[in-house]
Amino acid sequence: MHLPPRFFNKERICHTMIKGSFKWMKSLNRMIILNKIRTEGPISRASIAKQTKLTPPTVSKLVSELITSGLVLESEQGESVGGRKPTMLVIDNTRFHIIGLDVGTKMVRAVLVDLSGFMIDKIESPIPLSISKDSLVKLIERTISKLLHLHKDKEMIGIGIGMHGVVDVTSGISLYAPGLNLRDIPLKEALEKKFELLVKVDNDVRAMAFGEYWFSNGKKNDNMVIVNIGRGVGAGIVLNGKLFHGEHDLAGEIGHMTIDLHGRRCSCGNYGCWETLISGPAIGKEAQQRIEEGRETILKDMVAENGEKLDGEFVYKAAMAGDKVAQDILGKTGEYIGFGLTNLIHILNPTKIILGGGVAHAEPFILPKIKETIAVKALTKQAKETEILCSKQGVFATAIGAAALVLGEIFEGDFPVGEES
Ligand SMILES: [Zn+2]
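The sections below set out a description of the structure shown in this document. The residue numbers shown here count from 1 along each chain, following its written sequence. Local features are withheld for residues below a pLDDT of 70 in this predicted model, meaning they are given only at 70 or higher, and side-chain atom pairs are given and counted only at 80 or more; totals for whole chains, interfaces and linings count all residues. Each side-chain value is derived from all of the structure's non-hydrogen atoms; neither hydrogens nor water enter the calculation.

As a further point, take the side chain of Ser391. A run of DSSP states H or I qualifies as a helix once it reaches four residues; a run of E qualifies as a strand once it reaches two. Both are numbered from the N-terminal end. Position of Ser391 among the secondary structure elements: in the loop between strand E16 (387-390) and helix H15 (397-412). Per-residue accessibility, obtained with a 1.4 Å probe over protein chains only, is compared with the maximum for each type, and a residue is labelled buried under 20%, exposed over 50%, and partly exposed between these values. Judged by relative accessible area, which is 17%, Ser391 ranks as buried. At 2.8 Å, the side chain of Ser391 and the side chain of Glu212 are in polar contact. Not counting residues within four places of it along the chain, the set of residues in contact with Ser391 comprises Glu212, Ile354, Leu355 and Gly356. What qualifies as a polar contact is a pair of N or O atoms within 3.5 Å, subject to a donor-acceptor requirement within protein and to the restriction that residues adjacent in sequence count only when both atoms come from side chains. A contact between two residues is defined here by any heavy atoms of the two lying within 4.5 Å.

Okay, here's the thing in structure tokens:
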């Protein structure tokens, strides 16, 4: 690794450093410059000094350090405003690499990306049924080792994990992974020990949200929400460019806000949660009910042929084939999604909401209804026009987002960079 040890040596990631201290200020200035280059590069030293109000000698010194670290590169010459053309600075996206993992209920998906989020490689490891904590950690380790082995020539700076369920972000412990029925898995500790790299762990939907924010360079979207609608429903919230976790890492559990007081019972024990109306299984139940009511639909034949329980995907396929009942179910789902998103808009007033997960694939059938509902229900003209879109990232969105967690740590400096002499 060519980075000075102060950058990534985990021994020095000390969260107790006092923010007002001189050492912190020096590190903070470097973070400010690094982020200026990230969000506005190519940019000259003079522009950085002007925009950050740091003195030109300070900028010069810190830029030299960043160039030595390998994170920043001098690129083409900029436009001259009389005199010598300034040298422009950019982030060197290709030098360092990160491994991102999505630990779901059936599969561990892993990617190797560069600093721009470009996916260089990807692998999947199926999770066997009823796995123990130790075996899961071993499986994750093997998956990472495989990628490291395939890319021995690349410089790694960290590993990000998007873990389903409840995660203690500070300690990197998976507190509860309901899909695997496991508790208290010390992922960060185990993986840092094994690989001697910086490891960040967060909930999977938050990881996905942060990836959408970071790699789409969410400068204009500092307040955005990703709502993942699949088997369950959850949200990742980015406020002022940072993931919002809440007091006990519970923020974003919006699948369990009550939408229908007299609705179906939810897995959480309450009635009429948003999840019971819009998740993949909820769409399946709705379809089942229409069949029982004797409605004319090809869904009936699909069940007969496949012998499986209906889920959102069946309904989507039927809708694509022109089935009116299926299209109607998805339209209704869009309306319910619109109700929930209107609540979200009124609470957070985000710049943008992105929908991810399997249900978002039904975009042509749900998105018009979602927008229509918000246009009717939201309070102000701006609220009615909140940008809503469906994620274009594929099944590796969470893994890529997990890699972004590492970048957030390095670039955004909740990460005091150790002592400087
Ligand atoms: Zn619930």
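What follows concerns a positive patch on the surface. In this scheme, patches are assembled from residues that exceed 30% relative accessible area and form no salt bridge. Like charges are connected within 9 Å, while nonpolar side chains (Val, Leu, Ile, Met, Phe, Trp, Tyr) are connected within 5 Å. All accessibility values rest on the Shrake-Rupley procedure with a 1.4 Å probe; residue burial counts only the protein chains present in the view. Should a side-chain nitrogen of Lys or Arg be within 4 Å of a carboxyl oxygen of Asp or Glu, the pair is scored as a salt bridge. For the purpose of counting charges, residues Lys and Arg are taken to be positive, whereas Asp and Glu are taken to be negative. His and the chain ends are not included. Here the site of a charge means atom NZ of a Lys, CZ of an Arg, CG of an Asp or CD of a Glu. Positive charge collects at one region of the surface, where Lys106, Arg231, Lys285 and Lys309 lie side by side. Note that Lys106 resides in the loop between strand E4 (96-103) and strand E5 (107-114).

All right, on to the sheet that holds strand E1 (residues 43-44) then. Strands are treated as partners if at least two bridges between them are detected by DSSP. The 3 strands are arranged E1-E3-E2 in an open sheet whose pairing can be described as antiparallel. Both outer strands of the open sheet, E1 and strand E2 (72-77), are each paired with one neighbouring strand and no more. Where E2 and strand E3 (residues 87-91) come together, 4 bridges link them in antiparallel fashion. By the bridge assignment, Leu73 is partnered in E3 with Val90.

Next up on the list: the sheet that holds strand E11 (residues 198-203). Sheets are built from strands that pair by backbone hydrogen bonding, the pairs being arranged parallel or antiparallel. Strand order in the open sheet formed by 5 strands is E6-E5-E4-E7-E11, and the pairing between neighbours is mixed. Because the sheet does not close on itself, it has two edges, and the strands there are strand E6 (119-126) and E11. Neighbour-to-neighbour, the strand axes of this sheet turn through a mean angle of 15°, independent of strand direction. By the bridge criterion, 7 bridges tie E5 to E6 in an arrangement that is antiparallel. Across the sheet, residue Ala110 finds its bridge partner in E6, namely Ile123. Where helices are involved, their axes are fitted lines through C-alpha atoms of the stretch in contact, as for all axes, and angles between N-to-C directions lie from 0 to 180°.

Centre distance within 6.5 Å is the pairing criterion for rings of Phe, Tyr and Trp, where only the six-membered ring of Trp is used; planes under 30 degrees apart are then read as stacked, over 60 as edge-to-face, and the remainder as tilted. Enumeration according to the criterion identifies 5 aromatic pairs in this entry. Where Phe210 meets Tyr213, the ring centres are 5.8 Å apart and the plane angle is 40°; that geometry is what we call tilted. Here Phe210 pairs with Tyr213, and both are found in helix H7 (residues 204-215), just 3 residues apart, close to one helical turn. The buried category is assigned to Phe210, whose relative accessible area is 6%. Relative to Phe365, the ring of Tyr316 has its centre 6.3 Å away and its plane inclined at 75°; by these criteria the two rings are edge-to-face.

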